Amino acid sequence: MAGSGHENGVVPILPADNLTVFEVSKKPKKNKFALGCAMLASLTSMLLGYDIGVMSGAIIFIKKDLKISDVQIEILVGVLNLYCLVGSIVAGNIADWIGRRYTIVLANVIIFVGSLFMGFSVNYAFLMVGRFIAGIGVGFAIMGAVLYNAEISPASSRGFLTSFPEVCINVGILLGYVSNYAFSKLPTRIGWRLMLGAGATPSIFLVFAVLAMPESPRWLVMQGKLGQAKVVLEKTLDTKEEAQLRLNDIKEAAGIPQDSTGDVVVVQKQTNSNGVWRELLLHPTPTVKHILICTVGIHFFQQSSGVDAVVLYSPRIFEKAGITSSNEQLLTTVAVGICKTIFILVATFLLDKSGRRALLLISTGGMVVSLATLGFSLTIINHSEAKLTWAIALCITMVLSFVAFFAIGMGPIAGIYTSEIFPLKLRAQGISLGVAVNRVTSGIISMTFLSLYQAITIGGAFFLFAGIAAVGWLFFNICLPETRGKTLEETERLFGNLVGWREVDKKMKEDNTKGTTHGQEGSEG
């Protein structure tokens, strides 16, 4: 222990690697201050979930009221993701300029305006304007929440805390489903507008809640505000010694000399972000190349495996399965939301115990089986003239199984993993790039699903998703190192060799073991 060393007159010099041992071996209780900050930052993500969930049911009534086609429905549903792409890319630069906290505040303001536009829409064009504004806000919200939580969290509970945005998205989806069912009893022209407009209310309160949070300590260091950063680190970590070690690591990553100890220091700042994007995309090091491949891969496979097709079009899937009543379709969809929310909550407690890789591989494997079986059951129903109760039950079970497997691993880990692996100076833009890939893929899936299943049958569509998920499982197994328990600064060492990272991981564990032994010997001396 650091304290024992000081008392005996011996100060053990711990390398950066040993910070992991220090943090994980103590197994500290969850830091309540960091927990509160992470929860507040994540609540904005709930508005994205609400939009996804509520739109799945609202399109039933929008189609009737505005007399629009399936193609227009696909565009309406999926275009939010493309607008979100714009928002997430812009937010990467904004987060480095005004800070992580004010980026989340700005996200809530934009979402508030977008929700009002959608709630008061008089026609399809007006509705699309509202989708554009809300999409920009959602892009800000996703990028800002993931980035803030990663930078405020202790290494020992980073998986738990950085999974909160995904938890809130799932809670939002469930609330959207419940809103569908509640407002479906109103006249058609009023019901869907209330469904969409209700998303404006929480954003007002979230603006003031987020302003009560401290700024990210890593952003403060990047601005040269070492004194403020140290105060935040001492509140979010368990000891002052741990906070000082972490501050030293962040200073090194930010290029600040260790002998700079004033509360405010001068930091060389870039006048624009072109240098960061050049280093990220045009002239990446082997380490950054590996990180980019993992980031693009995990976000691509998360969305291309068809989760948005299930979540956004679940009433249509249940209709194809033989459930014809819109009331029953919405109730079954609520069950999907409940199942997804329960399993994301389970995942939050497993991420720091089981690790990212194990959960990700189990999750993806379960998704492959669920999607293939769902494709089989829908194909049987499609080729049968009689109503097959067992096939309908199997279809519902597999939809629930799919969202459960997704929520327990693939769902939260994509955002968590991306937030952990980028170097400090590339982190904001790197996360925004991951969000961009995620939203573009999601937009393509959601904007083409109806046309896809009409072309290759609905069963064939889910067989295709199963095949994509299987390729994703192989990619994750080969390319993605484990990041559990490692600090953000030392995680970089795992990257640089796409298929040889296991040797580096093994060496890091050996070094940690040696460092622990030397530290104990120093204390005893």
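Rules and cut-offs
Starting afresh in each chain, residues are numbered from 1 along the sequence in its written order. The model is predicted, so local features are restricted to residues of pLDDT at least 70 and side-chain atom pairs to those at 80 or more, both for listing and for counting; the totals for chains, interfaces and linings are taken over all residues. For side-chain calculations, the full set of non-hydrogen atoms in the structure is used, while hydrogens and water are omitted. UniProt positions are given in the numbering used here, feature names are shortened, and annotations may be inferred rather than shown by experiment. To qualify as a nonpolar core, a set must consist of buried Ala, Val, Leu, Ile, Met, Phe, Trp, Tyr and Cys residues joined through side-chain atoms within 4.5 Å. When a residue's accessible area, from a 1.4 Å probe over protein chains only, is under 20% of the maximum for its type it is buried; when over 50% it is exposed; and in between it is partly exposed. Residue ranges for the domains trace back to a domain assignment, done automatically or taken from a database. Here, residues are in contact when the closest pair of their heavy atoms is within 4.5 Å. In the sections that follow, a salt bridge refers to a side-chain nitrogen of Lys or Arg positioned within 4 Å of a carboxyl oxygen of Asp or Glu. Comment: elements are numbered from the N terminus, with helices defined as DSSP H or I runs of at least four residues and strands as E runs of at least two. Centres within 6.5 Å make a pair out of two Phe, Tyr or Trp rings, where for Trp the six-membered ring is used; the pair is then stacked when the planes are under 30 degrees apart, edge-to-face when over 60, and tilted otherwise. Charge-over-ring placement is defined geometrically: NZ (Lys) or CZ (Arg) within 6 Å of the ring centre, and within 35 degrees of the ring normal.

- Looking up the protein chain in an unreviewed UniProt entry gives the name Polyol/monosaccharide transporter 5, with the organism given as Gossypium australe.
- We quote the UniProt Sequence similarities (unreviewed entry) comment for the protein chain here in full: "Belongs to the major facilitator superfamily. Sugar transporter (TC 2.A.1.1) family."
- Turning to the protein chain, the UniProt annotation filed under Subcellular location (unreviewed entry) states: "Membrane".

1. Here we look at the nonpolar core
Right, on to step 1. Core analysis: the biggest nonpolar cluster contains 116 residues, and Ile62, Trp192, Leu196, Phe449, Phe462, Phe476 and Leu480 have the highest contact counts within it.
Right, on to step 2. Built from parts of two domains, this core gets at least three residues from each of domain 1 (31–264) and domain 2 (276–513).
Right, on to step 3. Other than its neighbours up to four places away in sequence, Phe476 contacts Gly297, Ile298, Phe301, Arg357, Leu360, Leu361, Thr364 and Met410.
Right, on to step 4. Listed in part, the 25 residues of the second largest apolar core include Cys37, Val105, Leu226 and Ile256.

2. Digging into the pattern of salt bridges
Right, on to step 1. This model, assessed by the stated rule, comprises 7 salt bridges.
Right, on to step 2. As a salt-bridge pair, Arg193 and Asp65 come within 3.2 Å of each other at their nearest N and O atoms. Residue Arg193 is located in helix α10 (residues 188–197), and its partner Asp65 is located in helix α4 (residues 45–66); the two are separated by 128 residues in the primary sequence.
Right, on to step 3. The class of Arg193 is buried, set by a relative accessible area of 17%.
Right, on to step 4. For Asp65, a relative accessible area of 26% translates into the label partly exposed.

3. Considering unusual backbone geometry
Right, on to step 1. Look at Lys67: it is not a glycine, yet its phi comes out positive at around 55°.
Right, on to step 2. Within the secondary structure layout, Lys67 lies in the loop between α4 and α5 (70–98).
Right, on to step 3. Taking the relative accessible area as the measure of exposure, Lys67 reaches 67% and is therefore exposed.
Right, on to step 4. A positive phi angle, close to 75°, is found at Thr457, a residue other than glycine.
Right, on to step 5. Topologically, Thr457 is positioned in the loop between α22 (424–456) and α23 (458–479).

4. Quick word on the packing of aromatic side chains
Right, on to step 1. Across all of its chains, the model carries 13 aromatic pairs by this definition.
Right, on to step 2. Three or more aromatic residues joined by ring pairs make a cluster, and in this case those are Tyr313, Phe449, Tyr453, Phe462 and Phe465.
Right, on to step 3. The positively charged end of Arg101 is found above the aromatic ring belonging to Tyr102, 4.9 Å away from the centroid.

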